[in-house]
Amino acid sequence: MNDLTQPFKRLPVALIGTGSYVPERRLTNSDLEKMVDTTNEWIVERTGIEERRIAAPDEKTSDMATNAARKAMEAAGARPGEIDLIIVATITPDPFTPSTACYVQANIGAVNAAAFDISAACSGFLYALKTAVQYIGCGQARTALIIASEKLSHIVNWEDRSTCVLFGDGAGAAVLRTGTGIEGDSAILASDIGADGTLTDILLVPGGGSAIPTTEENIHEKLYTVAMRGNELFRHAVQHMKDSALSLIKRTGIDPNDIALVVPHQANLRIINAVTARLGIPPEKVFVNLQKYGNTSGAACIIALDEALRAGRAKKGDIVLMVTFGAGLTWSSAAIRI
Ligand code: UT7
């Protein structure tokens, strides 16, 4: 879904602060070797992942989201009362209802904010970004807090070597704003979101919802855990991430040489290499941190962006390209001038 030509002047939207949080506990590949029939060599060679973080049993998705949000607000210099929109992208909400965003709203005291969750799996953060940009651009919000937070360890089948080595827990957040407080030319230049609902069965958590409600038998069969056809997904990921990024580059007229940094979804190093090679982006312009955190679904790209910015990998005025892919299937990309 592209930005349509609008009959009215849209307000510019800037990203004014980011934050991230990962739980303390590290689960290394050698730890996994003791749990399932796998090896460090297989995991590193096929994915690039070396370790991932696992939330404490009593650590909720909203707790991680709140930690990331506080850091983003601090970086942005945004006070709780100024935030008028909170969107949390998650597939592991605290309960199904109310939304995780409402828990975050209470935790940070953002009493003036509307709050809701969105579900777009690994594309969740950029879906949230595009949604918030529309609200702000249309004058319906001024300062938005967008967060992606996942406790995937809770929905992983720890006996399935084909999935349990891939995922980790964590959260990332960003503050978006229009009007005063925007420095220089900072702007969300463009964003793209898309989906193919004919391929829902490639990556899903089949049970626990209205289609396959929770029963003792379903729990026994682990239908509340991630099921994935990784090989097929891999091909779709490369194709859609490349297409989404290319369409964004074409639409904005950005010269690919002017992209200072690409921050992609952190699922698999081979996917990242294949996509960026097809885009003609050299490896030194690509930010990768999946070796430390594995795939944290929607949180992965914003944790990566936050780390990249804090490490000085992009400076004010630089153009950063983000591109993601996930269950749905869904995909998304965004061009951001920092
Ligand atoms: O975040 C949403 C988007 N996610 C993705 O895009 C993930 C996309 N997919 C992938 O990243 C890769 O497909 C995986 C990393 C999941 C798998 O890598 P692959 O190279 O596609 O492996 P495969 O599934 O084709 O499996 C190859 C072999 C199989 O054995 P056989 O049948 O060849 O004997 C698997 O049983 O590797 C075996 N295998 C493992 N071996 C050791 C699968 N998982 C493991 C494991 N350790 N953990």
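Here's a quick rundown of the structure. (Residues numbered from 1 in each chain as written. Predicted model: local features only at pLDDT ≥ 70, side-chain atom pairs only at ≥ 80, totals over all residues. Heavy atoms only, no water.)

**What about helix H8 (residues 230-252)?**
At 3.6 residues per turn, the α-helix brings residues three or four places apart onto the same side.
No. 1: With 23 residues, H8 extends 32 Å from end C-alpha to end C-alpha; this agrees with the ideal 33 Å at 1.5 Å per step.
No. 2: Buried within H8 are the following residues: Leu 233, Ala 237, Val 238, His 240, Met 241, Lys 242, Ser 244, Ala 245, Leu 248 and Ile 249.
No. 3: Following H8 by one or two positions, Gly 253 has its phi on the positive side, about 75°. (Helix = DSSP H or I, 4+ residues; strand = E, 2+ residues; numbered from the N terminus. Expected span 1.5 Å × (residues − 1). Buried < 20%, exposed > 50% of the residue type's maximum accessible area, 1.4 Å probe, protein only.)

**Digging into a nonpolar patch on the surface**
No. 1: A cluster of nonpolar residues, Val 205, Ile 219 and Tyr 224, forms a patch on the protein surface that exposes about 230 Å² of accessible area.
No. 2: Mapped onto the secondary structure, Val 205 falls in the loop between strand S9 (203-204) and helix H7 (216-220).
No. 3: Residue Val 205 is classed as partly exposed on the basis of its relative accessible area, which comes to 32%. (Patch = residues over 30% accessible without salt bridge, like charges linked within 9 Å, V, L, I, M, F, W, Y side chains within 5 Å. Areas by Shrake-Rupley, 256 points an atom, 1.4 Å probe, with all protein chains shown as cover. Salt bridge = Lys/Arg side-chain N within 4 Å of Asp/Glu carboxyl O.)

**Focus on the packing of helix H3 (residues 61-76) against helix H4 (residues 100-108)**
No. 1: Where H3 meets H4, the closest approach of the two axes is 9 Å, and the angle between their N-to-C directions is 50°. As far as their axial angle goes, H4 and H3 are oblique. Taken as a pair, H3 and H4 cross one another with a handedness that is right-handed. Taken together, the residues of H4 that come into contact with H3 (itself represented by Thr 61, Ser 62, Ala 65, Thr 66, Arg 70 and Met 73) are Thr 100, Tyr 103, Val 104, Asn 107 and Ile 108.
No. 2: Looking at the contact of H3 with H4 residue by residue, the classes come out as 5 nonpolar, 5 polar and 1 charged. (Axes fitted to C-alpha atoms, helices over the stretch in contact; angles between N-to-C directions. Parallel < 35°, antiparallel > 145°, perpendicular 65-115°, else oblique. Left-handed = near helix turned anticlockwise from the far one by under 90°. Contact = heavy atoms within 4.5 Å. Nonpolar A, V, L, I, M, F, W, Y, C, P; charged D, E, K, R; others polar.)

**What about the site of the ligand?**
No. 1: Around the ligand sit 25 residues in total, of which Thr 38, Arg 46, Asn 231, Asn 268 and Asn 295 are the nearest.
No. 2: Within the contact set of the ligand, an oxygen atom lies 2.7 Å away from a side-chain nitrogen or oxygen of Asn 295.
No. 3: Alone, the ligand offers 950 Å² of accessible surface; in the complex the protein occludes 73% of this.
No. 4: Of all the secondary structure elements, the ones that give two or more residues to the shell around the ligand are helix H2 (40-47), helix H6 (161-164), H8, helix H9 (269-279) and strand S12 (319-326). (Near = heavy atom within 4 Å. Polar contact = N/O pair within 3.5 Å; in protein donor to acceptor, adjacent residues only side chain to side chain.)

**Comments concerning the nonpolar core**
No. 1: Core analysis: the largest hydrophobic core is formed by 45 residues, its most contacted members being Met 241, Ile 259, Leu 321 and Phe 325.
No. 2: Looking at this core, the elements with two or more residues in it are H8, strand S11 (259-264), H9, S12 and strand S13 (330-337).
No. 3: If one sorts the elements of this core by residue count, H8 sits on top with 7 residues.
No. 4: Apart from the residues within four sequence positions on either side, Ile 259 is in contact with Ile 249, Ile 254, Ile 281, Lys 285, Ile 319 and Leu 321. (Core = buried A, V, L, I, M, F, W, Y, C linked by side-chain atoms within 4.5 Å.)

**Quick look at the sheet that holds strand S4 (residues 85-89)**
Pairing between the strands of a sheet is mediated by backbone hydrogen bonds and can be parallel or antiparallel.
No. 1: Read across the sheet, 5 strands follow the order S1-S7-S6-S4-S5 without closing on themselves; strand pairing throughout is mixed. In this open sheet, the two edge strands, each paired with only one partner strand, are strand S1 (14-21) and strand S5 (114-118). Strand-to-strand twist of the sheet, defined as the mean angle between neighbouring strand axes without regard to direction, takes the value 15°.
No. 2: For S4 and strand S6 (residues 143-150), the ladder comprises 5 bridges, and the chain directions are parallel. (Pairing = 2+ DSSP bridges.)

**Observations regarding the side chain of Arg 53**
No. 1: Considering the arrangement of structural elements, one finds Arg 53 in strand S3 (residues 51-54).
No. 2: Buried within the structure, Arg 53 lacks any salt-bridge partner; Glu 51 is the closest side chain of opposite charge, at an N-O distance of 4.5 Å.
No. 3: There is a polar contact of 2.9 Å between the side chain of Arg 53 and the backbone oxygen of Pro 23.
No. 4: Setting aside its immediate chain neighbours within four residues, Arg 53 contacts Val 22, Pro 23, Glu 24, Arg 25, Arg 26, Gly 168, Asp 169, Lys 292 and Tyr 293. (Lys, Arg positive; Asp, Glu negative; His and termini not counted.)

**Focus on the packing of H8 against H9**
No. 1: One can describe the packing of H8 onto H9 by two numbers: an axis separation of 9 Å at closest approach and a directional angle of 35°. The element H8 and its partner H9 pack so that their crossing is right-handed. On H9, the residues that touch Phe 234, Ala 237, Val 238, Met 241, Lys 242, Ala 245 and Leu 246 of H8 are Arg 270, Ile 271, Ala 274, Val 275, Arg 278 and Leu 279.
No. 2: Residues belonging to the contact of H8 with H9 are distributed by class as follows: 10 nonpolar, no polar and 3 charged.

**Describing the pairing of S12**
No. 1: In terms of residue burial, S12 counts as a mostly covered element, since 8 of its 8 residues are buried.
No. 2: By the alternation rule, side chains of S12 split into Ile 319, Leu 321, Val 323 and Phe 325 and Val 320, Met 322, Thr 324 and Gly 326, which are all buried.
No. 3: Direction of pairing for S11 relative to S12: parallel, over a ladder of 5 bridges. Counted as the bridge partner of Val 262 is Leu 321 from S12.
No. 4: Bridge analysis of S12 against S13 gives 8 bridges, and the strand direction is antiparallel. Across the sheet, residue Leu 321 finds its bridge partner in S13, namely Ala 335.
No. 5: Taking the residues between adjacent antiparallel strands as the criterion, S12 and S13 are bridged by 3 residues, where Gly 328 takes a positive phi near 145°.

**Some remarks on the side chain of Asn 289**
No. 1: Within the secondary structure, Asn 289 is located in the loop between H9 and helix H10 (290-293).
No. 2: Among the residues examined, Asn 289 registers a relative accessible area of 2% and is labelled buried.

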